[in-house]
Amino acid sequence: MTIGIDLTGKTALVTGASAGIGRAIAVELAKCGAHVIVNYHSSEDGARETLTALEAAGGSGAIFGANVADSAAVAKLIAFSAEHTGKIDILVNNAGGLLKRAKTEEMTEALWDEVMAVNLKSTFLCCKMALPHMPDGGRIVNMSSVAAHDGGGPGASAYAASKAAVLAYTKGLAKEVAPRGITANCLAPGLIATAFHDVFSTPEMRAATVRNTPLAREGQASDVAGAVLFLVSPLADFITGETININGGTRLC
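Residues numbered from 1 in each chain as written. Predicted model: local features only at pLDDT ≥ 70, side-chain atom pairs only at ≥ 80, totals over all residues. Heavy atoms only, no water.

*Asks:* Requested: an account of the overall build of the protein chain, with residues and values cited.
*Replies:* A count of helices and strands for the protein chain gives 9 helices and 7 strands. Relative to the globule expectation of 18 Å for 253 residues, the C-alpha radius of gyration of the protein chain, 17 Å, shows essentially globular dimensions. Principal axes of the C-alpha set define a box for the protein chain whose edges measure 45 × 40 × 40 Å. Per-residue burial over the protein chain gives 50% buried out of 253 residues. Considering only residue pairs separated by 6 or more positions, the protein chain has 74% of its internal contacts joining residues 24 or more positions apart. When the accessible surface of the protein chain is totalled, it reaches about 11,200 Å², and 56% of it is carbon and sulfur. Taking the 20 positively charged and 23 negatively charged side chains of the protein chain as two groups, their mean positions are separated by 3 Å. (Helix = DSSP H or I, 4+ residues; strand = E, 2+ residues; numbered from the N terminus. Rg over C-alpha atoms; globule rule 2.2 N^0.38 Å. Buried < 20%, exposed > 50% of the residue type's maximum accessible area, 1.4 Å probe, protein only. Contact = heavy atoms within 4.5 Å. Areas by Shrake-Rupley, 256 points an atom, 1.4 Å probe, with all protein chains shown as cover. Lys, Arg positive; Asp, Glu negative; His and termini not counted. Charge placed at Lys NZ, Arg CZ, Asp CG, Glu CD.)

What follows is the structure, encoded as structure tokens:
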């Protein structure tokens, strides 16, 4: 996966990297030579496991706990990240979540606001505060979802709306940062075999999705990490404002 991609001398910040997709992204970036800041919210143990994994792979990094939906916490995270090498070359806004399945008539205003904060506001805050520390030619990768295209599963309308907003925000951001040679792109994973779906999707839902997937399997965190490596590498120098769908062809059906 990492052949031909050299990120030596780059500093990367990956939010929500204590497990799952975030961990896979952090490890792969480190394998390619990047110094990786592993952000976590509540699981310090998980973040330390990510750090151990990337160091075992020959990489280097550090961990920092911060709720990226809180501006004061993000300011501290960005300051910590920039202090390591004086810059942030790569920002991967992976943190996010469904939080709870709730239909519109059941959803409280507080839950709606929390879903928007954890998925959309967090992305905005990290981009806003990281950009002053990002050299020209930097890379931003935001995390959307297949739900942004199809509205999500039962009780996921707020999540789908927040992820659709991330997709649109990324397009606007790409125009803003283009004069500096910075690219901003988006990933929209489908069913990826992580704890997210262990919590929020039943075995029957997952099996039905696989049946409707041309490649006939669930995605793996490494599938998403591979797309990140491509987007932050010189191979993607002329790609910005785009969304890569990682779903095994589900949207073809």
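After that view of the structure, there is still more to cover.
*Asks:* Please provide a residue-by-residue account of the packing of helix α1 (residues 20-31) against helix α2 (residues 44-56), values included.
*Replies:* Axis separation between α1 and α2 bottoms out at 9 Å; the angle between their running directions is 30°. Judged by the angle between their axes, α1 and α2 are roughly parallel. Seen along the crossing, α1 lies across α2 with a hand that is right-handed. Here Arg23, Ala26, Val27 and Ala30 of α1 lie close against α2, whose contacting residues are Gly46, Glu49, Thr50, Ala53 and Leu54. Among the residues forming the contact of α1 with α2, the class breakdown is 5 nonpolar, 2 polar and 2 charged. (Axes fitted to C-alpha atoms, helices over the stretch in contact; angles between N-to-C directions. Parallel < 35°, antiparallel > 145°, perpendicular 65-115°, else oblique. Left-handed = near helix turned anticlockwise from the far one by under 90°. Nonpolar A, V, L, I, M, F, W, Y, C, P; charged D, E, K, R; others polar.)

*Asks:* Describe the environment of Ala95, listing the residues and the values that go with them.
*Replies:* Mapped onto the fold, Ala95 is located in the loop between β4 (90-93) and α4 (109-130). When the C-alpha atoms of Ala95 and Asn142 are compared, they prove to be 9.3 Å apart, with 47 residues separating the residues in sequence. With residues near it in sequence (within four places) discarded, Ala95 still touches Thr15, Gly16, Val68, Val118 and Ser122.

*Asks:* Go over helix α6 (residues 157-177), please, and point to the residues and values.
*Replies:* For α6, built from 21 residues, the straight-helix expectation of 30 Å at 1.5 Å per residue is met to within 8% by its first-to-last C-alpha distance of 30 Å. Among the residues making up α6, those that are buried are Ala158, Tyr159, Ala160, Ser162, Lys163, Val166, Leu167, Thr170, Leu173, Ala174 and Val177. Here the buried face of α6 lies against α4, β5 (139-143), α5 (147-150), β6 (183-189), α7 (195-200) and β7 (243-246). (Expected span 1.5 Å × (residues − 1).)

*Asks:* Which residues make up unusual backbone geometry, and what are the values?
*Replies:* Note: most residues except glycine have negative phi, and most peptide bonds are trans. Phi is positive for Leu99, which is not a glycine, with a value near 70°. Among the secondary structure elements, Leu99 is positioned in the loop between β4 and α4. With a phi angle near 55°, Ala216 is a residue other than glycine that sits in the positive phi range.

*Asks:* I'd like to hear about the sheet that holds β5, residue by residue, with values.
*Replies:* Adjacent strands of a sheet pair through backbone hydrogen bonds, lying either parallel or antiparallel. One open sheet accounts for 7 strands, arranged β3-β2-β1-β4-β5-β6-β7; its pairing is parallel. Two strands bound the open sheet, and with one partner strand each, they are β3 (60-65) and β7. Here the average twist between neighbouring strands, direction ignored, is 15°. Looking at chain direction, β6 and β7 are connected through 4 bridges and run parallel. Residue pairing across strands places Cys186 opposite Thr243, the latter belonging to β7. Strands in contact with α2 are β2 (35-40) and β3; relative to β3, the strand with the most contacts, it is inclined by about 170°. (Pairing = 2+ DSSP bridges.)

*Asks:* Explain the pattern of salt bridges to me, using residue names and the numbers behind them.
*Replies:* The full count for this structure, using the stated rule, is 8 salt bridges. Across the salt bridge formed by Glu28 and Lys31, the nearest N and O atoms sit 3.2 Å from each other. In this pair, Glu28 and Lys31 both sit in helix α1, 3 residues apart, roughly one turn of the helix. What makes Glu28 buried here is its relative accessible area of 11%. On the basis of relative accessibility, which here comes to 43%, the residue Lys31 falls in the partly exposed class. With a shortest N-O distance of 2.9 Å, Asp136 and Arg180 are connected by a salt bridge. Of this pair, Asp136 sits in the loop between α4 and β5 while Arg180 sits in the loop between α6 and β6, and the two are 44 residues apart along the sequence. (Salt bridge = Lys/Arg side-chain N within 4 Å of Asp/Glu carboxyl O.)

*Asks:* Let's hear about the layout of surface pockets: which residues, and what values?
*Replies:* As a volume, the second largest pocket reaches approximately 170 Å³. Here the lining of the second largest pocket is built from residues that sort into 5 nonpolar, 3 polar and 6 charged. (1 Å grid on protein atoms, 1.4 Å probe; cavity = no way out; pocket = protein on both sides within 12 Å on 5 of 7 lines; lining within 4 Å. Points joined across faces, edges and corners; volume = space filled by probe spheres on them.)

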